[in-house]
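Listed below, chain by chain, are the residues.
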Amino acid sequence: MAADSWPFMTRVNDLGGDIKGGGKSSAAADKVVEEIRAKGGKAVANYDSVEDGEKLIQTALDAFGKIDLIHRVHLRGAFMVTRAAWNHMKNQKFGRIIMTASTAGIYGNFGQANYSAAKLGLYGLANTLAIEGRKYNIHCNTIAPTAGSRLTQSVMPPDLVESMKPEYVAPLVLWLCHEQCKENGGLFEVLRWERSQGHIVRHKNQRMTPEAVRDHWDNICDFTDAAKPVSIQEGLQMVVEVLSKVDSEGGVSGNPTASAASASVSSGINPREAVGQKLPPTSFSFSHTQCIIYALGVGMSTKDPDHLRFLYEGHEDFSCLPTFGVIPSQAAMMDGGLASVPGLNIDFTRVLHGEQYLELYKPLPTSGTLTSQATVADVLDKGSGAVILLDVNTYSGDELVCYNQWSVFVVGAGGFGGKRTSDRAKALVPPPNRAPDAVVTDSTTRDQAALYRLSGDWNPLHIDPSFAAMGGFKAPILHGLCSFGFAARHVLKQYANNDPSRFKAIKVRFVKPVLPGQSLQTEMWKEGNRIHIQCKVKETDAVVLSGAYVDLHGAAEASPENLTQGGGLQSELVFAEIGRRIKDLGSELVKKVNAVFGWEITKNGKTAAQWTIDLKSGTGSLHKGPYSGKADVTFTVSDEDFMEVVQGKLNPQKAFFAGKLKVRGNIMMSQKLEVILKDYAKL
C-alpha cells in the first residue's frame, strides 16, 4: 500500500474566518483543495458554517456520492454534521469519523472554561458514536493535537509552530480514516489520557506518511511505562522534550528551512556574543540562621536526633548542609543578571530550570560573606528551545568554596543555528540496570514551599494559588531545588553518616513538579564513591529527578561505613525491614517495648555497622551509625550470628553463653527483643 495509493475523496470545509471567528474567505479551503488535487486526490470545497450540517454533507454527496471524512469542528457543528452523515454511513456499511478535541478539554486550561467544555464534549460524543456505530462498521476516534495553525501562530514561538505543523498530524488522521484501520473509540493527543511512549515516525528531510503510522501502530498503542500528564503545560512540555530528543538524535530539525542567521536574529540569541560573558559579581552574607532555615526548608526536623547538627547552632558538630551551596549562587539567576548579557534577548517567562550541578571544594562555613562570579559557559540550540549553561564560582575571600552549573531551558528560543551539545556541560548518568540498593521516603509538608522560599527563591509560582493557576498548575508547586535538597540529604544519611565533609558533588535533571504535601522517594544505587539516584513522587510514581548522582569522598579504610558497603552485610535487610515497620507501627511498638536498643554488627572481628532502635520516644525511630543518646542495652554480634538468631537457627541464650552475643546495659530488656525480631523482621 504505497503512499500514493490512498484514494481519498475529501470534502474540505473552512469559512476562512480570522482567529476571533469573524470574517469569511474561500481562500483557506481552496488552498487545501488545490493541494489534495495536486497529489492526485479528489476534493471539493465548501464554505458554509458547520451549523448548516445538511449543506456540508450535501456538497460531499453531490461530488462523491458517499461520506469518508468528518473533522475539525466544535461541539454543535460536529453534532450537526455527524447527524447529517450518519444514515448515509449506516446504509453504505462504512464510515470513519474523526473528532478534533483539544488538550484544553483533556486537562482544562485557565480562562477557557467554555472552550474546554466544548472540546471535551466532542470526546464524549465520539465515544457514544463509536459504540453505536460499531455494528455498522462506523468507527469514531478523537484527536487532540497540539499543532501550529492560524489560531496558535500568534501565541506560540515561530520555531515551535514550525516544529508542530499540521502535516505532522495528517498521517495519523489518514490512517484512522482508512478502511483497514480497526481502531475505534480512541483518543489521540496525538496519544491518550494515559500517554504511551509512542513511536517516532518523523525524520529529518523526509516527509511523514500514513504507512509509517500503520507499520508502527502496535508501538504507538503500547502503554507499557505510560506517562500520565496532569496539565496542559505538562502535556506541551512533553511535546517539547520529544522534539528536543528527536532533534538530538538527528531525526528532526526544529526549523529545517530557516537559515542560521535569520533564525538567530528572530530568536534574539547570538552565542558568539553571549558565551564567555561575565555577569556582575554578587555578594551573599549569612549567619547560622540562614543555614538552619535552609535545612528546615529541605525537610530536616528535630524529630530526628541526627538532624540536630544542622538545626541547632549550639551543637558540638553544627554544620551547614552541603546543598546550601546553591543558595549563594542563585543571585546570578534571581537578580536579573542574565538580562544584561549581550546576545541573550530572551523572554524570562519561558525559562525553565533544566539541570543543576554543585561541587564543593571544602565544607561550607556556617556564617560569613561569600562572593559569586557567574560566566555564560555555553548556549545550545535544541531546536524547540535554547539551553543556557551558567557557571558560577563562589569564593570565601580568595578561596574557592564551591562551583555550580545552572542549566536553563528557554522554550521556543531555538532554531538560531547553534550547536546542540557542549563539552562544558556536566553530564547526566543513568542509574545501573538493577533494583536500587536503598530507598528512602520522606513526606513534604503543605508549607514546604512556603518555608523553602525563605532561602531566597521568591517566585510566586511556589506560594500564590492564582499565579500557579496562570501557569496551569492546580496549586503552587515545590521548588525543584527543594527536591534536590531532599534527595541529597537522603544520600548523606544513608551512605555518609550525615558527615558533610564526605560530600563532593551532585548532578540532577528536573523532570516533573512536586506538590507540597506529597512524599519524595529517593532510590539509590551505590557504585564506589558514586551514588546514583532517582527521585519520585511516591503517590504517583512520577519521576521528578533523573540521570542524577551524588559523589562522595572516600571514608577511612577501617570506618564502619566503608566496611558496611564493602562487606555486603545480610543484617542490612533485617534493619531495613525493622525501619519500615517502625514507620508504620511505631506508636504501637513504643507502648509494648519502651526501650532503646543498640546494635554493633561485626564482620571479620571488626565493627562493620552500628544501629539504634529507639522505641522509647515519640513514634519510634531507627538510626544507622553512632547514636548521640544513650541505649538501655547494647548488643554486639557478628553479621552471620545475627542472621542465625533472627531466623531462629541460633538460640539467643546459647549465643550469649557461647560468647557469640555480648550484652552491655540492662540485660533484662533483651527479653523484649522478640517483639521486634520475631514479629516484625520479615526477610
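Residues numbered from 1 in each chain as written. Predicted model: local features only at pLDDT ≥ 70, side-chain atom pairs only at ≥ 80, totals over all residues. Heavy atoms only, no water.

K.L.:
Teacher, can you tell me more about the pairing of strand S10 (residues 399–411) here?
P.N.:
Where a strand is regular, its side chains alternate between the two sheet faces. Across the 13 residues of S10, eleven count as buried, placing the element largely inside the fold. With nine bridges joining them, strand S7 (residues 351–360) and S10 adopt antiparallel strand pairing. Residue pairing for S10: glutamate 359 is matched across the bridge by tyrosine 403. One ladder, built from twelve bridges, connects strand S9 (residues 385–396) with S10; its direction is antiparallel. Bridging from a neighbouring strand, valine 392 pairs with asparagine 404 of S10. Hairpin connection of S9 to S10: two residues between the antiparallel strands, including glycine 397 at a positive phi of 70 degrees. (Buried < 20%, exposed > 50% of the residue type's maximum accessible area, 1.4 Å probe, protein only. Helix = DSSP H or I, 4+ residues; strand = E, 2+ residues; numbered from the N terminus. Pairing = 2+ DSSP bridges.)

K.L.:
Is there a simple way to think about the packing of helix H21 (residues 571–593) against helix H22 (residues 639–646) in this case?
P.N.:
In helix packing, the relevant descriptors are the interaxial angle and the interaxial distance, both defined with respect to the helix axes. H22 packs onto H21 with a crossing angle of 50 degrees between their chain directions and a minimal axis gap of 9 Å. Here H22 runs oblique to H21, going by the angle between their axes. From H21, Ser571, Val574 and Phe575 reach across to H22, where they touch Asp639, Phe642, Met643 and Val646. Of the residues that constitute the contact of H21 with H22, the class distribution is five nonpolar, one polar and one charged. (Axes fitted to C-alpha atoms, helices over the stretch in contact; angles between N-to-C directions. Parallel < 35°, antiparallel > 145°, perpendicular 65-115°, else oblique. Contact = heavy atoms within 4.5 Å. Nonpolar A, V, L, I, M, F, W, Y, C, P; charged D, E, K, R; others polar.)

K.L.:
How should I be thinking about the pairing of strand S8 (residues 368–381) in this particular structure?
P.N.:
Most of S8 is tucked away: ten of the 14 residues are buried. Pairing analysis gives five bridges linking strand S6 (residues 282–286) to S8, with the strands arranged antiparallel. Within S8, the position partnered with serine 283 by the bridge is threonine 371. Sheet topology places S8 next to S9; ten bridges connect them, and they run antiparallel. Looking at the pairing, serine 372 lines up with threonine 394 of S9. Where S8 folds back onto S9 in an antiparallel hairpin, the turn is made up of three residues, including glycine 383, whose phi is positive at roughly 80 degrees.

K.L.:
Is there a simple way to explain the packing of aromatic side chains in this structure?
P.N.:
Two descriptors summarise a pair of aromatic rings, namely the distance from one centre to the other and the angle between the planes of the rings. For the structure shown, the criterion picks out 13 aromatic pairs. An angle of 5 degrees between the planes, with centres 4.7 Å apart, marks the rings of phenylalanine 575 and tryptophan 611 as stacked. Remark: tryptophan 611 occurs in strand S17 (residues 606–615) and phenylalanine 575 occurs in helix H21; sequence separation between them is 36 residues. Here phenylalanine 575 falls in the buried class, since its relative accessible area comes to 0%. An aromatic cluster of at least three residues, connected via ring pairs, comprises Phe575, Phe597, Trp599, Trp611, Phe635 and Phe642. Lying over the aromatic face of phenylalanine 486, arginine 489 brings its terminal NZ or CZ to 4.8 Å of the ring centre. (Phe/Tyr/Trp six-rings, centres within 6.5 Å; stacked < 30°, edge-to-face > 60°. Lys NZ or Arg CZ within 6 Å of the ring centre and 35° of its normal.)

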